[in-house]
Amino acid sequence: LAALMEDARAWVLKREAILTKAEDGIVAIYAKMRPEAAAQQLAAMDEALVVAILLKMNARGAGSILTEMNPEQAARLTKAMAERKSGILQGRPAT
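I will try to describe carefully the structure that is included in this document.

Things to note about a nonpolar patch on the surface
Right, on to step 1. On the surface, a cluster of nonpolar side chains totalling about 380 Å² of accessible area is made up of Leu1, Leu4 and Met5.
Right, on to step 2. Its location among the elements puts leucine 4 in helix α1 (residues 2–32).

Thoughts on the packing of helix α2 (residues 35–43) against helix α4 (residues 59–68)
Right, on to step 1. Axis separation between α2 and α4 bottoms out at 8 Å; the angle between their running directions is 70°. One finds that α2 runs roughly perpendicular with respect to α4. As for the relative orientation of α2 and α4, their crossing is right-handed in sense. Along the contact surface, α2 presents Pro35, Glu36, Ala38, Ala39 and Leu42, while α4 presents Ser64, Ile65 and Glu68.
Right, on to step 2. Residues of the contact of α2 with α4, tallied by class, amount to five nonpolar, one polar and two charged.

Procedures and definitions
- Residues numbered from 1 in each chain as written.
- Predicted model: local features only at pLDDT ≥ 70, side-chain atom pairs only at ≥ 80, totals over all residues.
- Heavy atoms only, no water.
- Patch = residues over 30% accessible without salt bridge, like charges linked within 9 Å, V, L, I, M, F, W, Y side chains within 5 Å.
- Areas by Shrake-Rupley, 256 points an atom, 1.4 Å probe, with all protein chains shown as cover.
- Salt bridge = Lys/Arg side-chain N within 4 Å of Asp/Glu carboxyl O.
- Helix = DSSP H or I, 4+ residues; strand = E, 2+ residues; numbered from the N terminus.
- Axes fitted to C-alpha atoms, helices over the stretch in contact; angles between N-to-C directions.
- Parallel < 35°, antiparallel > 145°, perpendicular 65-115°, else oblique.
- Left-handed = near helix turned anticlockwise from the far one by under 90°.
- Contact = heavy atoms within 4.5 Å.
- Nonpolar A, V, L, I, M, F, W, Y, C, P; charged D, E, K, R; others polar.

Read these as geometric descriptors, not functional statements.
This is the structure we're talking about:
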């Protein structure tokens, strides 16, 4: 049973590493796009995913993309980013 538990832990760690690399790859794709093109693509995506992507980008890139979005969506995303960042800083898990 202990060996099986250890195999499961190793698999979970490996999976998390792969997901982190994939997320970083997605962030890199949007960071390299023109802001207006990235904004258009991100506007059609789930806002929680967009927040995660924007938080991983540098501030200048994220700001350029938010500038190209409609003001209401940019405001919602900015609020969600601030709340998520605040929760992380206060020790609450990111959602």
